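Listed here are the chains, written in short residue letters.
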Amino acid sequence: MSDYLQDVDTRIKLSIGAKQWGGDDDGLFALPYGLAFDIHRGLLFVADTNNHRVQVFSYIDDGGGSLVSKFGGERGDQPGQFKNPWGIAIDHDHDRILVADSGNGRVDSWSLSDHKFLSCIGQQGSGDLEFYYPQGIAIDKHHHRIIITDSCNNRLVFLSSIDLSFLFSVGKHGSQPGEFNRPSSVAIDHDRHRIIVSDCSNHRVQVLSLIDGSFLSLFGSNGGQPGQFSNPGGVCIDNQGRIIVADTFNNRLQSFTHEGHHISSFECRRDFPGAAAFDEHRGLIAFSTGHQVHVIGANQWLADTFSWRVDRHRHAPSWMKQTVLTMTMIRSMVDESSAMSMIPNELLFEIFSFL
């Protein structure tokens, strides 16, 4: 679907939803707050929070944005129902989708292959297997764990990804290092064995050890300058370990080095970006604004985020395959001493991706 933000910023490849809330029709959203790429199937999962459902879209074909499936949709606390679903994580090892069912204080599990309800764990509270408005959720592949931002309990909860049993929790309410004030989103930096948490009402991002959840560092403060935040929401990690944060009330995405140094911002006008996700196979960033979801080419905002690899060819959208075929054809036609032969593949890729 076309959108004014897509029309004025050519870096946006796809926009789904409507600027104004259009009800609960297919393909429309009411405040989508959770995003996850299924990189193997070329699907984008969207937690349509205030419609109490998850919608699933294809994004690899030209145009993209076609609705593939949906589940939930009925507000309630029975199995298979949602009450304001928030974070989403794709657990390929167990062929399931995990959803932070915020209003019900639990984590729901759905089949990744056919989107059927499997199980739910947790209830409202502050005990070991209880949650008070859980929001973010991520998979720790190294230690076979699930990490959840238990937002209103101001902590992170660690579960076993094998049997969903409680392991431990870290954090408490406060503004000191390792303390939280409504943590909203979590991402895993697997290469550096770190947990990245958007500490929403403390207007900062905290970095914790993936081993035991101990505090490592933090960056950000309350404000509107580069590197500052106003109620940060979604967070994700790109191929280079850079941290991308949805700086919600500053109406922008911000990117940082893995050390927390500000790189640049992506302005979202006045649309309050809430969620963010990264597709490492295709170099795409998805983010939500208001009642819409947008997808941008990461290289068109952050240089050198994504480079072509042959083993990723089968996952690529058709426009990207055509770009590579065009580059290959040009290489085969020019003389080795010509100027064209000296242009790096990455630059050619960028040039022809606009055609």
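Scroll up to find the structure.
Predicted model only: the values in this text are computed from it and were never measured. (Residues numbered from 1 in each chain as written. Predicted model: local features only at pLDDT ≥ 70, side-chain atom pairs only at ≥ 80, totals over all residues. Heavy atoms only, no water.)

### Focus on unusual backbone geometry
Here is step 1 of the chain: Phi angles above zero are rare outside glycine, and R182 is one such case at about 60°.
Here is step 2 of the chain: Residue R182 is classed as partly exposed on the basis of its relative accessible area, which comes to 31%.
Here is step 3 of the chain: Of note, the phi angle at N251 is positive, near 55°, even though the residue is not glycine.
Here is step 4 of the chain: Residue class for N251 comes out buried when judged on its relative accessible area of 12%. (Buried < 20%, exposed > 50% of the residue type's maximum accessible area, 1.4 Å probe, protein only.)

### Comments concerning the pairing of strand β15 (residues 166–170)
Here is step 1 of the chain: Strand direction decides the pairing type here: strand β14 (residues 155–160) and β15, joined by four bridges, are antiparallel. The residue bridging F158 from the neighbouring strand is F168, located in β15.
Here is step 2 of the chain: From the end of β14 to the start of β15, which pair antiparallel, there are five residues, and L164 there has a positive phi angle of about 60°. (Pairing = 2+ DSSP bridges. Helix = DSSP H or I, 4+ residues; strand = E, 2+ residues; numbered from the N terminus.)

### Focus: the pairing of strand β3 (residues 43–48)
Here is step 1 of the chain: With six of six residues buried, β3 is to be regarded as a mostly interior element.
Here is step 2 of the chain: Neither face of β3 is left uncovered, since the one carrying L43, F45 and A47 and the one carrying L44, V46 and D48 both have all their residues buried.
Here is step 3 of the chain: Pairing of strand β2 (residues 32–38) with β3 involves six bridges; the strand directions are antiparallel. Residue pairing in the sheet places G34 in a bridge with A47 of β3.
Here is step 4 of the chain: From the end of β2 to the start of β3, which pair antiparallel, there are four residues, and G42 there has a positive phi angle of about 70°.
Here is step 5 of the chain: Adjacent in sequence and paired antiparallel, β3 and strand β4 (residues 53–58) are bridged by four residues, among which H52 carries a positive phi angle near 55°.

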